[in-house]
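Residue-level structural notes
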Amino acid sequence: MIDIANLPVWFKTNGQTWLAATGRAPYFCLVGESEAAVSDLAHRALEFYISAADKIEKFNRRREAVSPDYVVQKKVLGRDLAA
């Protein structure tokens, strides 16, 4: 599970509405009428993520991996793929 203790959540306003967003996983972008509103939505989003991640982790512990092993042949940067 991703450590959310150090996850930056950015808050911004345009004078009318507020936005709360993350720049890395778990990703979310939330809009509300006040800083308190988006703060509450962000809190609920992170609670959901933690709850879901715990359930997924428990489920995956009982599963046996069936995907084949791959050997890395090369590494390509995203900027090269996008060019």
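Scope of this entry: the structure provided in the associated data block. All figures in this text were calculated on a predicted structure; none of them were measured in a lab. (Residues numbered from 1 in each chain as written. Predicted model: local features only at pLDDT ≥ 70, side-chain atom pairs only at ≥ 80, totals over all residues. Heavy atoms only, no water.)

A few words on the overall build of the chain. Secondary structure assignment for the chain yields two helices and three strands. Relative to the 2.2 N^0.38 estimate, which gives 12 Å for 83 residues, the radius of gyration of the chain is 18 Å and therefore markedly larger than a compact globule would have. Once the C-alpha set of the chain is aligned to its principal axes, its extents read approximately 50 × 40 × 20 Å. Out of the 83 residues belonging to the chain, those deemed buried represent 16%. Only carbon and sulfur atoms are counted for the fraction: they give 56% of the accessible area of the chain, which is about 7,200 Å². Of the side chains in the chain, 11 bear a positive and 10 a negative charge, and the two mean positions are spaced by 6 Å. (Helix = DSSP H or I, 4+ residues; strand = E, 2+ residues; numbered from the N terminus. Rg over C-alpha atoms; globule rule 2.2 N^0.38 Å. Buried < 20%, exposed > 50% of the residue type's maximum accessible area, 1.4 Å probe, protein only. Areas by Shrake-Rupley, 256 points an atom, 1.4 Å probe, with all protein chains shown as cover. Lys, Arg positive; Asp, Glu negative; His and termini not counted. Charge placed at Lys NZ, Arg CZ, Asp CG, Glu CD.)

Formed by Leu 7, Phe 28, Leu 30, Ala 42 and Leu 46, the largest nonpolar core amounts to five residues. Residues in contact with Ala 42, not counting those within four places in the same chain, are Val 9, Phe 28 and Leu 30. (Core = buried A, V, L, I, M, F, W, Y, C linked by side-chain atoms within 4.5 Å. Contact = heavy atoms within 4.5 Å.)

Attention shifts here to the pairing of strand β2 (residues 18–22). Where strand β1 (residues 9–13) and β2 come together, five bridges link them in antiparallel fashion. When the bridges of β2 are listed, Val 9 appears paired with Thr 22. The antiparallel hairpin formed by β1 and β2 contains four residues in its connecting segment, where Gly 15 sits at a positive phi of about 95°. The pairing of β2 with strand β3 (residues 29–32) spans four bridges and is classified as antiparallel. Residue Ala 20 lies in a different strand from β3, and its bridge partner there is Leu 30. Taking the residues between adjacent antiparallel strands as the criterion, β2 and β3 are bridged by six residues. (Pairing = 2+ DSSP bridges.)

Everything listed is a geometric property; what it means functionally is a separate question.
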